[in-house]
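Letter by letter, the chains look like this.
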Amino acid sequence: MADEAGNPVYNPEAEAARVQLIEHLCALPPITSALDGLLEQFGHDTVAEVTGRTKRLVSTGDGRQKVETRSTRTSQAEAAAFMQGRKRILIFSDAGGTGRSYHASRDVPNQEQRVHLLLEPGWRADRAIQGLGRTHRTHQASTPLFRPVTTDCKGELRFTSTIARRLDSLGALTRGQRQTGGQNLFDPADNLESEYACAALVSWFHLLVGGKLTSVSHSEFERRTGLELCDKDGVMKDELPPIQRWLNRILALPIALQNKIFDEFLSLVETRVSAARDAGRLDVGVETILVDTATLVDDTLLRTDPVSGATSHLLTIEIAHRRTPVTLDRILHIADSDATAEFLVNAKSGMVALQTRARALMEENEGTPIPRFELMRPTRREYMREQELFESAWTPIDREAFRGKWLEEAELAANKVDTETIRLATGLLLPIWSALPSDHLVVNRIADKAGNSWLGRLVFDEHVVQLFTKLGIDRAENLPAADIVKSASSGRSVDLTRPFPMTIKRSLVNGSPRIELVGAPSQQLAWLKSLGCFTEVIQYRTRVFIPVDGAAETLNRILDFSQ
């Protein structure tokens, strides 16, 4: 307010409230740093500090604090105390992590598994990578568990994203040889600078300009961030801001607005990553399949390089592995800590699952969110869209009934040994890469407990015949009839040379899929019909079909009779 002379009129009650608030704020204790807070919580006798600082405040028995002077030898003694097991917790920084090893070495008394919490990773991803490597070394008793720590502020994903991108490019600790043991530290959706994230950002820009987002309007976004998306005529620019600049500008926004924008953006990223994963096009490096036993059943030579002599092989391996179910205590802890959790049972199978709200997908054209749920089961987890879940047989169940069924499923899974036969293309893969299936590009390593390992690409049964055909290997007749039928049923034709040149392929007749035998001579029709085939005249042409039910047995009789 202002008086008649234009002088401001102050509210005495508001001034008194301001003075009281300032007095209260100044009386509050100072906010401790993460380092001092951990030391105060667990005690200096329990925590080994290797940070490089020369002085610190230490609480005494009478409640007072004193300044403690530290030297280089102090840090060495603290690290030794942790490795010997006298101190259970270790805190180290960039300065304390240079040239040191804190892994569960077999040569030290403390061989417990390390749980490495990554706090305040900073901007330097290479330093964070070096720090993670301190607890993961060769000759260790157990591999560490890495846990990046973030708050509810979605802007912090900017820092972990940088580390995820560098891990992918440098090959330090994540998957593959991009995997020296990071146990899938980051999901592909965590890398906010990947090709999926860049494409999702373009979609986000189009939805923003189209006014289809609820987090922020186009004009407000440009005013707050200074990023111009349209030219003076209102048309979107060809060169949109890069994702690094967009992420940096988002950090300057209020936290509530940050979270809303990131929720929409991450929904678009998850949509693209999920689609790539379902299509088998998601590049996740080398996937290691750990099994109990692996037995080499067959080794087929695919190709020999004429210059170097290097060979390519198709291995048939029989693997057996036990499942490791999630414990009941773990799943109940998740249920108690998540307000959206609900216990479910499948009315058809009787199996149980814990339902939690997952990050929604987003329809890229209209910006409509697609709600999803995550179903956690004893040995696996799956995602279902909200509409699919409502139409399924999953129904709510009470906690006690859930406990009993979960324990029953977990015990049954723990005692079960899964056995399967897989095929792995290995050796010199680059010359035969185009012959391998294009809809499954994942590179796998099969490793058993005896130390045996094989590296290559999985080849499923329906791909084997096509692989041999492309490489000019006359092995189709020697393959099991079931594999030939699988290949034909998946849309991959199979050429056979006996008992006469013919092709087994999938055909569509009156909207129904059939397995057709093409190339049969007219004089062989009666013989083929006696073995189980049937004929049909379509457009004045007699065509031969193998019954879908029992196709493998019928084809096997044809191939065996001709030998």
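Preceding block: the structure.
As a further point, take unusual backbone geometry. Phi is positive for Asn510, close to 55°, though the residue is something other than glycine. For Asn510, the position within the fold is in the loop between strand 19 (502-509) and strand 20 (512-518). Classification of Asn510 as exposed rests on a relative accessible area of 74%. In the Ramachandran plot, Tyr540 falls in the positive-phi region, its phi being about 65° despite a non-glycine side chain.

Turning next to the packing of helix 11 (residues 328-337) against helix 13 (residues 399-414). In a packed pair of helices, the relevant descriptors are the angle between the two axes and the axis-to-axis distance. Direction vectors running N to C along helix 11 and helix 13 enclose 145°, while the axes themselves pass 10 Å from each other. The crossing of helix 11 and helix 13 is right-handed. Counted together, Leu328, Ile331, Leu332 and Asp336 of helix 11 and Arg399, Phe402, Arg403, Trp406 and Leu407 of helix 13 form the full contact between these two elements.

Right, let's talk about the packing of aromatic side chains for a bit. The final tally for this structure, using the stated rule, is nine aromatic pairs. Ring centres of Trp204 and Phe221 lie 5.3 Å apart, and the angle between their planes is 70°; on these two criteria the pair is classed as edge-to-face. Separated by 17 residues along the polypeptide, Trp204 in helix 7 (residues 195-209) and Phe221 in helix 8 (residues 218-225) bring together distant segments of the chain. A single burial state applies to Trp204 and to Phe221, both of which are buried. Put simply, the rings of Trp204, Phe205, Phe221, Trp246, Phe262 and Phe265 touch in pairs and so form one group of aromatic residues. Just above the ring of Trp433 sits the side chain of Arg457; from NZ or CZ to the centre is 4.3 Å.

Attention now moves to the nonpolar core. Membership of the largest hydrophobic core comes to 35 residues, with the highest contact counts inside it found for Ile504, Leu517 and Leu555. Setting aside residues up to four positions removed in sequence, Leu517 forms contacts with Phe500, Met502, Thr503, Ile504, Leu528, Val544, Ile546 and Ile558.

With respect to the helices and strands, the residue Arg543 is situated in strand 22 (residues 541-546). If sequence neighbours within four positions are ignored, Arg543 has contacts with Ser507, Glu516, Phe534, Thr535, Glu536 and Ile538.

Time to look at the pairing of strand 13 (residues 381-385). Pairing geometry for strand 12 (residues 369-376) and strand 13, over five bridges, is antiparallel. Of the residues in strand 13, the one forming a bridge with Met376 is Arg381. Here strand 12 folds back onto strand 13 in antiparallel fashion, the turn holding four residues.

What counts and how
- Residues numbered from 1 in each chain as written.
- Predicted model: local features only at pLDDT ≥ 70, side-chain atom pairs only at ≥ 80, totals over all residues.
- Heavy atoms only, no water.
- Helix = DSSP H or I, 4+ residues; strand = E, 2+ residues; numbered from the N terminus.
- Buried < 20%, exposed > 50% of the residue type's maximum accessible area, 1.4 Å probe, protein only.
- Axes fitted to C-alpha atoms, helices over the stretch in contact; angles between N-to-C directions.
- Left-handed = near helix turned anticlockwise from the far one by under 90°.
- Contact = heavy atoms within 4.5 Å.
- Phe/Tyr/Trp six-rings, centres within 6.5 Å; stacked < 30°, edge-to-face > 60°.
- Lys NZ or Arg CZ within 6 Å of the ring centre and 35° of its normal.
- Core = buried A, V, L, I, M, F, W, Y, C linked by side-chain atoms within 4.5 Å.
- Pairing = 2+ DSSP bridges.

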